[in-house]
Amino acid sequence: MRRLTTVLFGVLLSVGFAVGASALSVDPNPVNFGNGQTEGSVDMSVSGSTLTMTVAVTKGKLSRSRVSVAGRTPMAAGTLGGPDVNIRRVIIRSNGSVDFYFKSSFFHRHIHAGQQSDPHFVTYDALAAGDVITFTGFRHNIFGSFASVQATIVPEPSTAVLVGLGIAGLAIAGRRRE
């Protein structure tokens, strides 16, 4: 009975640590988007409640992007700056989505093929494993979207490995106490 109690306690403790783990990543990453005229990818990373993105265009052009996480409220958004295509404007919409408008020069308000955006971010009220990120690309500022793709926030593989090792260790420790 003592062994079973030890193992059950260890499993519950490990699962509790796994649920509370802040080590999250995005799957798939990078996320590819396109419609034939415009193609590219979005490299995403999660740190705490902040989602950071860099958009790269391989074909065509992209004037703006829209990001949202289902069931989450954006608290802040902006750019981290850098040597690539600037973010000229950020709009947090009432529906929970965030629009990023790109500017490569005075006359070019988009990202051309072969270019990438400066890193930009959205800070949410909270992010957790299982949240779905929706990225939508717009070729023109006025016309509708051309591509919408989704990715899921998942726990880091190292977190799962540590939880598994902890459970195995507790099972061995409970077995040796006989």
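You'll find the structure just up there.
Okay, so let's go over this structure. Chains are numbered independently. Their residues run from 1 in the order of the written sequence. Owing to the predicted nature of the model, reporting of local features is limited to residues with pLDDT of at least 70; listing and counting of side-chain atom pairs is limited to 80 or more, with chain, interface and lining totals taken over all residues. Side-chain calculation: all heavy atoms of the structure are included, whereas hydrogens and water are not.

### Focus: the packing of aromatic side chains
Phase 1 of the analysis: Note on aromatic pairs: the rings of Phe, Tyr and Trp (six-membered ring only in Trp) are paired at centre separations within 6.5 Å, and the planes decide the class, stacked below 30 degrees, edge-to-face beyond 60, tilted for the rest. Here the structure, examined in full by the defined rule, presents 2 aromatic pairs.
Phase 2 of the analysis: Arranged with centres 5.3 Å apart and planes meeting at 40 degrees, the rings of Phe33 and Phe135 form a pair that is tilted. A residue pair is termed long-range when its members are at least 10 positions apart, and Phe33 in strand E2 (residues 31–34) and Phe135 in strand E12 (residues 132–138) qualify at 102 residues.
Phase 3 of the analysis: Using a relative accessible area of 1% as the deciding quantity, one classes Phe135 as buried.
Phase 4 of the analysis: Here the aromatic cluster, defined as three or more aromatic residues joined through ring pairs, consists of Phe33, Phe135 and Phe146.
Phase 5 of the analysis: Looking at Arg64, its charged tip hangs above the ring of Phe138, at a distance of 3.7 Å from the centre.
Phase 6 of the analysis: In this scheme, Lys NZ or Arg CZ marks a charge over a ring once it lies within 6 Å of the ring centre and within 35 degrees of the ring normal. The cationic tip of Arg89 hangs over the ring face of Tyr101; the distance from NZ or CZ to the ring centre is 4.2 Å. Secondary structure elements are taken from DSSP: a helix is a run of H or I of four residues or more, a strand is a run of E of two residues or more, and numbering for both begins at the N terminus. Burial classification: accessible surface area is computed with a 1.4 Å probe over protein chains only, and a residue below 20% of its type maximum counts as buried, one above 50% as exposed, and the rest as partly exposed.

### Focus on the environment of Asn29
Phase 1 of the analysis: Within the secondary structure layout, Asn29 lies in the loop between strand E1 (24–27) and E2.
Phase 2 of the analysis: The spatial distance from the C-alpha of Asn29 to the C-alpha of Ser45 is 8.4 Å, given a sequence separation of 16 residues.
Phase 3 of the analysis: Contact partners of Asn29, with chain neighbours within four places excluded, come to Val42, Asp43 and Met44.
Phase 4 of the analysis: Each polar contact in these results corresponds to two N or O atoms within 3.5 Å; when the atoms are within protein, one needs to be able to donate a hydrogen and the other to accept it, and residues that are neighboring in sequence are counted only if both atoms are side-chain atoms. A distance of 3.2 Å separates polar atoms of two side chains, one belonging to Asn29 and the other to Asp43.
Phase 5 of the analysis: Of note is the side chain of Asn29, whose polar atom sits 2.7 Å from the backbone oxygen of Met44. Here a residue-residue contact requires only that any non-hydrogen atoms of the pair lie within 4.5 Å.

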